[in-house]
Every structure is written in structure tokens, then in C-alpha cells.
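Overview (structure and organization)
Each chain, letter by letter, is given below.
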Amino acid sequence: MFSSMTSVQQAGSTEKILLQHLSNYIEQETDRLNDLKRFYEKVNSIHRALDTPIEDPIVAYTLIKRLQSEWTNVVYSIEANENIQEMKDGYENLRKELPIIKDVEGAAKALMRLQDVYSLNVHGMVKGMFHGKSSPDGNHLYGAPHLPTMSADDCFQIGKVAYDMEDYYHSIPWLEEAVNLFRGSYGNWFTEDEGSLEDALDYLAFSYYKAGNVSYALDLSRECLLYDPDNRRVAQNVAKYEQILYEKPGGDEIEEAKLPRPNVTHLQTRDLYEGLCQTLGFQPWSYEDPRMLCTYDTNHNPYLILQPIKKEMVSLRPYVVLYHDFVSDVEAEKIKGLAAPWLHRSVVASGEKQAEAEYRISK
């Protein structure tokens, strides 16, 4: 699902059906609804502000994650009774259309890929703003009309995906955001969440340990024990970190900024294309060239005299033109509707065969 915006769009329609099931349940049930109403209002407000089609990558990630785990947690946290059975039946009927854990992981990796290609500031991404790393308050690369903020659990799941790949370059900033957001809401338990402050501290501490910052890993592990004093594994980690620092005082000099970015061997021109992406392909001379025109073109065809084609010059070398309104919106939707059932994951050459690749996620 995560590799096609068409599939993500279909997921939005699926979630609207689930939202209606939840609405029907709320009308029948009066007890134990405070937490459910909060979740309902949260998702409903997102859909009220949602653009069609879904283009924002953060909206796409949070939508896929909600459908894969949060709705499951909400539906099956409710006490079994006659009123809820209809909603559960509706949920089970839609299960085949819901994303799987692989989709959530793919969407999380997509955000990390955007983070790298455009050198984005994670703190800004969490707030729905795409800022360059070097200037978190400026260099605004993209902003949705309605800023889609991320929850602590959203950030935790991205950090956990990176952690499971032993990618501490990405896990640390996302888990840092998760910890800060969980701290801010500590004491408020949300049914739909998979993670908690203790989980985020645990993962972040070990990420820093693997990155070489043992003293900060120790501080985070001690904080984790304050919330979960019976966690024997974290207690063992505390003793381990204390022993390391005792034997090598001052030996943890590696900071997050010095973590090497994971090597991508299949993209030899990575620095070149990322540099172009980070400047947004800015080519001022193109717009100053008087030969770069927009015209109506008939191509000497009498059928086009009354309705000429809208032609835009895009590039002289190489010669590229763009024809606008080549098909109508109705025709475009018809083509997409016919094509959608036949979409499948793109592949790349793999020896004499073809295979899916992590870096090519189109359909």
C-alpha cells in the first residue's frame, strides 16, 4: 500500500467506513466513551481538513499507521457486548483492505528517505513543516494547508523501524521526539498507542549506547527505571553502562551529529541528485530567457484552430515542451479507474530475473 498514492487514497476511503462504524457505536453506547470520543474527534478532524488526493507524506504515514494498529487497539479494547458487535463485524469485513505491518514500515522508511534527500529537520517534520536542517526556522521547502502534526507514538514507531534495522542515525532523532512528546503527555494513556514513555526511553538509551554515547545512555536508562522500577533488563543495562564508564572515564565522545549516515551502495550519484533536490532545481536563467514561452499551438491542423493546444516551453536543451489539458479531468479519472486494479509493485533487474527493491517503491 505504501508504494502507491492510489492505494493510500483508497485507504482514506476505507478509514471513512471505519469512522462511520465508530460513529454508530457512539450513538448506542453511553458508558466508557470518553477515550473513544477523543479518538473519534481526533480522526474526524483530520478527515475534515484532509485534502483530496492525499499528497502529504506525513498524512499518508499516520493514516497507514492508524489503520494498521490504532484502529485494532481501539476496537479490541472495548468490552464485549451487544452494542459493539456490529462495529467489530464491520471491522472484520474490512480487514483484507487494511494495511499490514510492512506498509507501516515502508511509510516510515519513506519519511526517513525524505529526511535524507532534502536534509530535513526532524523536529519540523513532527510539526508538519518541512525545513532544511541548517535553518530549522527558515528554508521552508514545503507546507501543507493544514499542518498534520505527529503524535508521540507516530514518532516512536518510526524510530523503532530504524532501530530494528540497526540504523541509529535515524532512530535517535525520531526517538528523541517521541520521548519529548511522551514526557509532555505523561499520565494520559491513549488506547490506540503501541508505545509508551518507558519504551521510547529504553530504545533511545540503547541507540545512544550503540552510537557510543554511554553516559547519556546511562541517564536515559536511569530515567526509564523511575517509571518502570521492576524492569530487570534495564537495571542490568544501568549496571553495564556504569561499569563501562568506570573502566573508561571520559571515553564516550561520539555525539549524534557524528553518526555516519547509512551507506547506500546502489546510488552512486546520491550527493549529486540530493544537492539538486535541496535547491529545488532552481534555474533562474530559464525564467529570464525570452524564448521560454507559453503559446497556443495548432500544429497547422485545421481541427485545432478553434481549440488550440496549450503549449509551455520547459527546456531548450534538451528541447522539452509541456502540453496542458491534453485530456479532461473526467477522462483522466476514467483512465486511473481502469488502471488501478492492475497496479503492482515496480521491480528492478536482479541478475537474469526481476525483483522488488527497497529504493524503488512505485507501482
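Residues numbered from 1 in each chain as written. Predicted model: local features only at pLDDT ≥ 70, side-chain atom pairs only at ≥ 80, totals over all residues. Heavy atoms only, no water.

Going by what an unreviewed UniProt entry lists, the protein is known as Prolyl 4-hydroxylase subunit alpha-1 and is assigned to Hymenochirus boettgeri.

1. Here's the deal with helix H9 (residues 197-211)
Over its 15 residues, H9 extends 21 Å from the first C-alpha to the last, a length consistent with the 21 Å expected when each residue adds 1.5 Å. Within H9, 11 of the 15 residues are buried, which leaves the element mostly enclosed by the surrounding structure. What H9 keeps buried is the set Leu-197, Glu-198, Ala-200, Leu-201, Asp-202, Leu-204, Ala-205, Ser-207, Tyr-208, Tyr-209 and Ala-211. Elements in contact with the buried residues of H9: helix H7 (152-164), helix H8 (168-184), helix H10 (214-227) and helix H11 (232-247). (Helix = DSSP H or I, 4+ residues; strand = E, 2+ residues; numbered from the N terminus. Expected span 1.5 Å × (residues − 1). Buried < 20%, exposed > 50% of the residue type's maximum accessible area, 1.4 Å probe, protein only. Contact = heavy atoms within 4.5 Å.)

2. A few points about the pairing of strand E5 (residues 320-324)
Alignment of strand E4 (residues 309-315) against E5, held across five bridges, turns out to be antiparallel. Of the residues in E5, the one forming a bridge with Lys-310 is His-324. What sits between E4 and E5 in their antiparallel hairpin is a turn of four residues. (Pairing = 2+ DSSP bridges.)

3. What to know about the packing of H9 against H11
Between two packed helices, the angle of one axis relative to the other and the distance separating the axes together describe the packing. Where H9 contacts H11, the axes come no closer than 12 Å and their chain directions differ by 25 degrees. Here H11 runs roughly parallel to H9, going by the angle between their axes. In this structure, the crossing between H9 and H11 has a hand that is left-handed. Residues Asp-202, Ala-205, Phe-206 and Tyr-209 of H9 form the contact with H11, whose participating residues are Arg-233, Val-234, Lys-240, Tyr-241 and Ile-244. Tallied by class, residues from the contact of H9 with H11 come to six nonpolar, no polar and three charged. (Axes fitted to C-alpha atoms, helices over the stretch in contact; angles between N-to-C directions. Parallel < 35°, antiparallel > 145°, perpendicular 65-115°, else oblique. Left-handed = near helix turned anticlockwise from the far one by under 90°. Nonpolar A, V, L, I, M, F, W, Y, C, P; charged D, E, K, R; others polar.)

4. Re the pattern of salt bridges
Under the criterion given, the structure shown has 19 salt bridges. In this structure, the salt-bridge partner of Glu-223 is Arg-183, at a minimum N-O distance of 2.6 Å. Placement of the pair is Glu-223 in helix H10 and Arg-183 in helix H8, with a sequence separation of 40 residues. Judged by its relative accessible area of 16%, Glu-223 falls in the buried class. Between Glu-274 and Arg-261 there is a salt bridge, with its nearest N and O atoms 2.6 Å apart. Highlighted residues: Glu-274 in helix H12 (residues 270-278) and Arg-261 in the loop between H11 and H12, separated in sequence by 13 residues. Since its relative accessible area comes to 25%, Arg-261 is described here as partly exposed. Shared partners join several salt bridges into a network, and the residues in it are Arg-38, Lys-42, Lys-65, Glu-70, Asp-153, Asp-154 and Glu-192. (Salt bridge = Lys/Arg side-chain N within 4 Å of Asp/Glu carboxyl O.)

5. Here we look at H10
Taking 1.5 Å per residue as the helical rise, H10 with its 14 residues ought to reach 20 Å, and the 20 Å between its terminal C-alpha atoms agrees with that figure. Buried residues of H10: Val-214, Ala-217, Leu-218, Leu-220, Ser-221, Glu-223, Cys-224 and Leu-225, and no others. Looking at the buried residues of H10, the elements they touch are H8, H9 and H11.

6. Overview of the packing of aromatic side chains
Taken as a whole and assessed by the stated rule, the structure comprises 10 aromatic pairs. On the numbers, 4.7 Å between centres and 80 degrees between planes, the contact of Tyr-163 with Tyr-203 is edge-to-face. Of this pair, Tyr-163 sits in helix H7 while Tyr-203 sits in helix H9, and the two are 40 residues apart along the sequence. Residues Tyr-209 and Tyr-241 carry aromatic rings whose centres are separated by 5.1 Å and whose planes lie at 35 degrees to one another, so their mutual orientation is tilted. Taken together, the residues Tyr-209 in helix H9 and Tyr-241 in helix H11 connect sequence positions 32 residues apart. Summarising the burial analysis for this pair, Tyr-209 and Tyr-241 share the class buried. Taken together, the ring pairs in this structure connect Phe-156, Tyr-163, Tyr-168, Tyr-203, Phe-206, Tyr-209 and Tyr-241 into an aromatic cluster. (Phe/Tyr/Trp six-rings, centres within 6.5 Å; stacked < 30°, edge-to-face > 60°.)

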